[in-house]
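Structural features, examined
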Amino acid sequence: MAEQMSVDTVPPTAPVHYDFQDAQSGDLGALAAIADAMKSDSLADRLESLKRLGVLALAMGEERTREELVPFLDESIDDEDELLLSLAEVLGDFVQYVGGPKYAYVLLRPLENLAAAEETIVREKASTLAVESINKLVDVMDQPQVEEYLIPCIARLSSGEWFTSRSSAAGLYAAAYGKVTDAIQSKLRAGYEALCKDETPMIRRAAAANLEGLVGRIEKDHVVTFAIPNFRRLAGDDQDSVRLLTVEPLVAITKRLDTEQCRTLLGESVQRLCGDKSWRVRYMVADHFVAVATNVKDRGLQEELVNVAIALMHDNEAEVRGAICTQLDGLADLAAPDAIVTRLQGPLQELVDDPSQHVRATLAKHIGSLCRVFGKEGTIEHLLPLLLRLLKDTFPDVRLNIISKLDVVDRVVGIDSLSQSLLPAIVELAEDKQWRVRLAIIEYVPLIASQLGVHFFDEQLSNLCMSWLGDPVYSIREAATTNLKRLTEVFGVDWARSTIIPKILAMATHPNYLYRMTTIFAITTIAPSVTPEIVRDLILPSLEGLVNDPIPNIRFNVAKSMEPLTAALRRSPDTAPLESSVIRPTLARLEEDSDPDVRFFAHRSLLAIGSAAQAPVATA
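As recorded by an unreviewed UniProt entry, the protein carries the name Protein phosphatase 2A structural subunit and is attributed to Coemansia spiralis. Listed in UniProt under the heading Sequence similarities (unreviewed entry), the comment for the protein reads: "Belongs to the phosphatase 2A regulatory subunit A family."

1. Description of the overall build of the protein
Counting its secondary structure elements, the protein contains 38 helices and 0 strands. Within the protein, contacts between residues at least 6 apart in sequence are counted, and of these 69% link residues at least 24 apart. Of the roughly 27500 Å² of accessible surface on the protein, a fraction of 51% belongs to carbon and sulfur atoms.

2. Focus: the confidence of the model for the protein
Overall, the predicted model of the protein reaches an average pLDDT of 84, with 89% of residues at or above 70. Model confidence for the protein, summarised as mean pLDDT per element, is weakest for helix H1 (residues 28-37) at 58 and strongest for helix H21 (residues 318-325) at 96. Scored below 50 in pLDDT, residues 1-28 makes 48 contacts in the model with residues more than four places away or belonging to other chains.

3. So, the pattern of salt bridges
Under the defined criterion, the tally for this structure stands at 28 salt bridges. One salt bridge in this structure joins Asp549 and Arg516, with 2.7 Å as the shortest N-O distance. Note that Asp549 is positioned in the loop between helix H35 (532-546) and helix H36 (552-569) and Arg516 in helix H34 (residues 513-526), a separation of 33 residues in sequence. In this pair, the class of Asp549 matches that of Arg516, namely buried.

4. Some words on the nonpolar core
With 206 residues, the main nonpolar core has Phe94, Phe289 and Trp468 as its most contacted residues. Residues contacting Trp468, with those up to four places away along its chain left out, are Ala430, Ile441, Ile442, Val445, Ile476, Arg477, Ala480 and Asn483.

5. Quick notes on the packing of helix H23 (residues 337-352) against helix H25 (residues 371-391)
Geometry of a packed helix pair, given as the angle between the helix axes and the separation of the axes. At a closest axis distance of 11 Å, the pairing of H23 and H25 adopts a crossing angle of 5°. The pairing of H23 with H25 is recorded here as roughly parallel in orientation. Contacts from Pro337, Ile340, Val341, Gln345, Leu348, Gln349 and Val352 of H23 reach H25 at Val373, Phe374, His382, Leu383, Leu386, Arg389 and Leu390. Of the residues in the contact of H23 with H25, the class split is 10 nonpolar, 3 polar and 1 charged.

6. Some thoughts on helix H9 (residues 143-158)
The largest bend along H9 measures about 35° and falls at Leu150, with the proline Pro152 one to four residues further on. The set of residues buried in H9 consists of Gln145, Val146, Leu150, Ile151, Cys153, Ile154, Leu157 and Ser158. At the N-terminal end of H9, a side-chain oxygen is found 3.0 Å from the backbone nitrogen of Gln145, two or three residues along, and the residue is Asp142.

7. Description of the side chain of Thr246
Topologically, Thr246 is positioned in the loop between helix H15 (240-243) and helix H16 (247-256). What makes Thr246 buried here is its relative accessible area of 1%.

8. Brief notes about the packing of aromatic side chains
Tallying each qualifying case throughout the model produces 11 aromatic pairs. Consider the rings of Tyr192 and Phe226, whose centres lie 6.4 Å apart with planes at 70°: the pair is edge-to-face. Of this pair, Tyr192 sits in helix H12 (residues 182-196) while Phe226 sits in helix H14 (residues 220-235), placing them 34 residues apart in sequence. When the centroid spacing of 5.5 Å and the interplanar angle of 50° are considered together, the rings of Phe457 and Phe491 count as tilted. Taken together, the residues span a long stretch of sequence, with Phe457 in helix H30 (residues 454-460) and Phe491 in helix H32 (residues 474-491) at a distance of 34 residues. Residue classification places Phe457 among the buried residues on the basis of a relative accessible area of 1%. You can call Phe491 buried: its relative accessible area is 18%. Joined through ring pairs, the aromatic side chains of Tyr173, Tyr192 and Phe226 make up one cluster. Positioned above the aromatic ring of Phe601, the side-chain terminus of Lys560 is 5.0 Å from the ring centre.

9. A word on the packing of helix H17 (residues 259-274) against helix H20 (residues 299-313)
At a minimum axis distance of 11 Å, the contact between H17 and H20 shows a crossing angle of 10°. Taken together, the axes of H17 and H20 are roughly parallel relative to one another. Residue-level contacts link Gly267, Val270, Gln271 and Cys274 of H17 to Leu301, Glu304, Leu305, Val308 and Leu312 of H20. Of the residues belonging to the contact of H17 with H20, the class tally is 6 nonpolar, 2 polar and 1 charged.

10. Some points on helix H2 (residues 43-51)
Of all the positions in H2, only Asp45, Arg46, Ser49 and Leu50 are classed as buried. Buried residues in H2, looked at end-on, bunch into an arc of 140°, giving them a common side. In H2, the exposed positions angled more than 90 degrees off the buried face are occupied by Ala44 and Lys51.

11. Quick notes on the side chain of Ser158
By the secondary structure assignment, Ser158 is in helix H9. Judged by its relative accessible area of 17%, Ser158 falls in the buried class. Looking at Ser158, its side chain comes within polar contact range of the main-chain oxygen of Ile154, at 2.8 Å. Excluding anything up to four places from it in sequence, Ser158 contacts Arg166, Ala169, Tyr173 and Leu195.

12. Looking at the environment of Glu350
Topologically, Glu350 is positioned in helix H23. For Glu350, a relative accessible area of 48% puts it in the partly exposed group. It is 10.0 Å that separates the C-alpha atoms of Glu350 and Arg360, two residues lying 10 residues apart in sequence.

13. Some words on the environment of Pro472
Assignment of secondary structure puts Pro472 in the loop between helix H31 (462-467) and H32. On the accessibility criterion, Pro472 (72% relative accessible area) is exposed. In the structure, Pro472 is positioned 42 residues away from Leu514 in sequence and 8.9 Å away in space, judged by C-alpha atoms.

Definitions and cut-offs
- Residues numbered from 1 in each chain as written.
- Predicted model: local features only at pLDDT ≥ 70, side-chain atom pairs only at ≥ 80, totals over all residues.
- Heavy atoms only, no water.
- UniProt positions renumbered as here; feature names shortened; annotations may be inferred.
- Helix = DSSP H or I, 4+ residues; strand = E, 2+ residues; numbered from the N terminus.
- Contact = heavy atoms within 4.5 Å.
- Areas by Shrake-Rupley, 256 points an atom, 1.4 Å probe, with all protein chains shown as cover.
- pLDDT = per-residue confidence, 0-100.
- Salt bridge = Lys/Arg side-chain N within 4 Å of Asp/Glu carboxyl O.
- Buried < 20%, exposed > 50% of the residue type's maximum accessible area, 1.4 Å probe, protein only.
- Core = buried A, V, L, I, M, F, W, Y, C linked by side-chain atoms within 4.5 Å.
- Axes fitted to C-alpha atoms, helices over the stretch in contact; angles between N-to-C directions.
- Parallel < 35°, antiparallel > 145°, perpendicular 65-115°, else oblique.
- Nonpolar A, V, L, I, M, F, W, Y, C, P; charged D, E, K, R; others polar.
- Bend = angle between axes of the 7 residues up to and from the residue.
- Polar contact = N/O pair within 3.5 Å; in protein donor to acceptor, adjacent residues only side chain to side chain.
- Phe/Tyr/Trp six-rings, centres within 6.5 Å; stacked < 30°, edge-to-face > 60°.
- Lys NZ or Arg CZ within 6 Å of the ring centre and 35° of its normal.
- Arc of directions from axis to C-beta.

In structure tokens form, the structure reads like this:
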């Protein structure tokens, strides 16, 4: 094979090292390096050569690639696991190099061998990639090619002695099914049924995992005569690892059936899966509960499934209880609103006090979706007390999830009711020891402020918002400055001038340099939202006082702030002259600072201001 794979040029001079950098341009030495590296003893060299395989194929041409390169790769199957993994992925995108869809079949043989590779963790993944690559080939193959080349490939894999080949075969039936005659489709159904009955659990697992794809391709009559019997067989398997994989095929089957068929053909199987003795199966049912219940269509069966869902809320396993909590939104649509409200109150009370913090966190994330079903009065009476308890949970993720979903509750009950019930707890959480909780509160404050008005905000929340500017966590201080900008946009410039700007500027003389730094960040952030006159009268004088600050970080942040302040001053002809009389002289002084960082940022701001000056000046 070495003679077949040769590239007509001088071999590389350094056999222990291969330089691939020029391969893309077609350099013959580099192409020879790729060909030679494919036979190297070094795994790294062979892996690198596979990455450049397309370049070599282009150089060899389509015919030589089909007749020499692909057979060479096929003979290289028995090699290191990592190489098999890379090869399985490369071959799926190799159709263009062998002559297009007309010759896609030549890639089936090496991929078939990869799909049948003996199991290790890496080789099993290579088999999976090989199946994916074969399915890519099927997309571009026509019916005669599929029938002549792919169907025999599936037959060989399905009858392979080693279980990995039969597992791989299960992933190929769906792609082939729509491209063959009725007679071959019948054989494919028989072959797949044999995999569903295989004595090896791994094969039955593969059959269960791939049944969903096949259900979407077969005719509706065969859903009843073929898919449902095999689903029942797999759903009743003695291995829970097989049964749990039948939930997704169940959803696919219900989509293909009408209401009466769902009730008569699947009702018993659905109930059995929901009450399975294995928690892993019940978890899968809980995780797909709404999809299953919605698609069975029968209202009577859906009413029964609500009881099943409530039973899952009381499950012994926390993972199952957490999974059913993710389904609360869709679950609420499975029965009449009044009935849902009545039936869920008890389970929700228990879940709020669930011993698993994971379950409580999941509940906190999804309980808000029930507000639309409970309605305003029901939410105030039944859900708000639960939300309040979750807001006071000891686990920070629970508190965080409630805060992040308060807007959903607000849309149903209104901010007045929400603030009366939850505001004390929200204010308490503003000082939470977990910074992520404090951050979520900050982001929620503008919504509360816009609904409650300026008077309420000044009394209840103003001092709280200012305290965040001194938070020890930078992300909180940064969010607090953005928060003040949003509040300025809500309440107006006059409010900002009289209420928050004086408080911000008072921090400019604080002995702790972090407070002085925050002053710079805050006024720089809100400058675009206030008038040029406020920048001139309040902000600029305060910054000028920080030009001589003993901390270099303060001085270079002053230099950085001059650029947005200049943009604000240019908005009015009355304040625009301050650029030349104050801003530029200040930056010129900072350009001569003893600290190199201060000089750098001062110079950069001068350049930016100069560039911006070339654009037309906006007037107020």
